[in-house]
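Observations on chain architecture
The primary structure of each chain is shown beneath.
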Amino acid sequence: MSLPRLSQGFVIGSVSTSMGELPRVSSELRWQDHLGTIKARWGIGRMDYLIDPGLYALGHPDGSSPVLVSANYKMSFDKLRESLPGRDFWILVLDTQGINVWCAAGKGTFGTEELVKRIDSSGLKAIVSHRSLILPQLAGPGVAAHQVKKLSGFSVRYGPIKAADLPAYMNAGFKATTEMRLKTFTMKERAVLIPVELMETMKPALIIAPVLFLLGGLGGPSGFWANALNHGSFAAMAFLSAIVAGAVIHPLLLPYLPGRAFSAKGLFIGMIIALSLICLRGLELQTWPGRMEVLGWLLIIPALTAYLAMNFTGCSTYTSLSGVNREMRWSLPLEIGMGGSGLVIWIASRLMT
Amino acid sequence: MGGLIYLKDVVTLKLDEEKCTRCGMCLEVCPHGVLKMNGKHIAIRNRDACMECGACSRNCPFEAISVQAGVGCAAAVINSMLGRKDGDCCCLIESETLPLAKKKTTCC
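Keep in mind it's a predicted model, so treat the numbers as computed, not measured.

Once that is clear, we can look at the pattern of salt bridges. Counted according to the given criterion, the structure contains 12 salt bridges over all chains. Taking the shortest distance from any N to any O, the salt bridge between R181 of chain A and E28 of chain B comes out at 3.8 Å. Of this pair, R181 of chain A sits in the loop between helix 7 (166-171) and helix 8 (187-191) while E28 of chain B sits in helix 1 (residues 25-29), placing the two residues on different chains. A residue is classified by how much of its surface remains accessible, and R181 of chain A, at 9% relative accessible area, is buried. The partner of E293 of chain A in a salt bridge is R281 of chain A, and the shortest N-O contact between them spans 3.2 Å. Of this pair, E293 of chain A sits in helix 12 (residues 288-311) while R281 of chain A sits in helix 11 (residues 262-281), and the two are 12 residues apart along the sequence.

This paragraph deals with the domain arrangement of chain A. The parts lose accessible area when they come together, and the size of an interface is often stated as this lost area. Residue and element names in this part refer to chain A. Once the domains are mapped, chain A shows domain 1 (13-181) and domain 2 (187-351). For domain 1 versus domain 2, the distance between C-alpha centres works out to 42 Å. Each side of the interface is counted separately: domain 1 has 7 residues, and domain 2 has 7 residues. Together domain 1 and domain 2 conceal approximately 600 Å² of surface at their shared face, both sides included; 71% is due to carbon and sulfur atoms. Counting every contact that joins domain 1 to domain 2 gives 0 salt bridges. Counting every contact that joins domain 1 to domain 2 gives 1 residue pair in polar contact (both at pLDDT 80 or more).

With that settled, the discussion passes to the packing of aromatic side chains. With the rule as written, the count across this model stands at 13 aromatic pairs over all chains. Their ring planes at 50 degrees and their centres at 5.8 Å tell us that F262 of chain A and Y318 of chain A sit as a pair that is tilted. Note that F262 of chain A is positioned in helix 11 and Y318 of chain A in the loop between helix 12 and helix 13 (321-351), a separation of 56 residues in sequence. In this structure, F262 of chain A and Y318 of chain A share a single accessibility class: buried. Pairing Y318 of chain A with Y6 of chain B gives two aromatic rings, centres 6.3 Å apart and planes at 85 degrees, and the pair type is edge-to-face. In this pair, Y318 of chain A is assigned in the loop between helix 12 and helix 13 and Y6 of chain B in the segment before strand 1 (14-15), connecting two distinct chains. For Y6 of chain B, a relative accessible area of 2% puts it in the buried group. Above the plane of the ring of F234 of chain A lies R281 of chain A, whose end atom (NZ or CZ) is 4.5 Å from the centre. For the cation-ring pair, R291 of chain A lies above W288 of chain A, with the distance from its terminal atom to the ring centre recorded as 4.8 Å.

Cut-offs applied
- Residues numbered from 1 in each chain as written.
- Chains lettered and ligands numbered in written order.
- Predicted model: local features only at pLDDT ≥ 70, side-chain atom pairs only at ≥ 80, totals over all residues.
- Heavy atoms only, no water.
- Salt bridge = Lys/Arg side-chain N within 4 Å of Asp/Glu carboxyl O.
- Helix = DSSP H or I, 4+ residues; strand = E, 2+ residues; numbered from the N terminus.
- Buried < 20%, exposed > 50% of the residue type's maximum accessible area, 1.4 Å probe, protein only.
- Domains from an automatic or database assignment.
- Contact = heavy atoms within 4.5 Å.
- Buried area = accessible area lost by both parts, 1.4 Å probe.
- Polar contact = N/O pair within 3.5 Å; in protein donor to acceptor, adjacent residues only side chain to side chain.
- Phe/Tyr/Trp six-rings, centres within 6.5 Å; stacked < 30°, edge-to-face > 60°.
- Lys NZ or Arg CZ within 6 Å of the ring centre and 35° of its normal.

Dropping the structure here:
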């Protein structure tokens, strides 16, 4: 049995218990905690943003203080303690391998087995006199409350979805309102997901965009660099615009875009972006290479945007696996077909003199 | 906004009214208000709002609810089509043999 380390940066002291010295934490976040959250949102060091599992004291809890259960993703832990100023709680942190509560519950790492094991290894039974736990509602996909009761003797209460609602939930005598039980997907909740998505997409894009620029230099009546500056820079810009449309505009406008399938929403924005870019550049439809270039990008941009939009299903809070399978049955072949044929048509347009 | 709704008529949620005892656990854990309490048992209020997270069926002590639970994530579906073992979406837990540098993140 190992207790969480007292040497972790956010620990402000310790509490002597029959199990040994347990780390004490505060509901006040320091600038390092906020910086950590910002970095994690941008995907920097995100997978190592974890804390030791085990029992922590928030404030000055005693044997009758309530026990909250959380994940060992530091952002989840910080959100929890931040929402409980001036209160005394025990926080039992499960080993979810640095993953947030909902995702970990979906995978089962925030699950019945880990919870029962952690109750045991943390020595919780010796520290509190009651036998009750408060779990975040979103732990539901992984935890079976009735089995926890059977296996550990602890009864499980599901608290509100948002940690911020915990004080109201406690004050109401462990009662959550209907609103507290509904998972939203507001503009702000969508916006905070954008940086990580964008960073991930930009990594391959930083290689592909220069390649497109150079491909634009091929063929044509002018010299290589003159071509590249004209057709190649348009290609690179069109490609990057498609990424911004899929990874930024789509999440922001999600509820307002036509269609239910994310790919359909993505196709819609992609088509608008493609038409706008082509119009801005000035149509060149007198020649076959000109027509093919337009057609090529009318296919590539919506295909890319639709693909990125489709991948946003995993970040959303309301898509079902059955639905995603249904959507992908038509959208994935369409995206690959459009993207592939668009690329071939565009390259062919460059090679025609 | 009454909550976002994904595709219609795809969800695998099933309710066995005979087994339901009105304990209400499913109402507590459902994040989309899919179920409601009806006179004698639970009823499905808004099937299309279900995201198949599986919280209701896992927390039903009487096995009255069934759903093919899963994570609605296209990236995870693609990963598993490509035969990647770490076929997950938001929460990639890499096999421990992989070096740190190879750790990947996507979504949430």
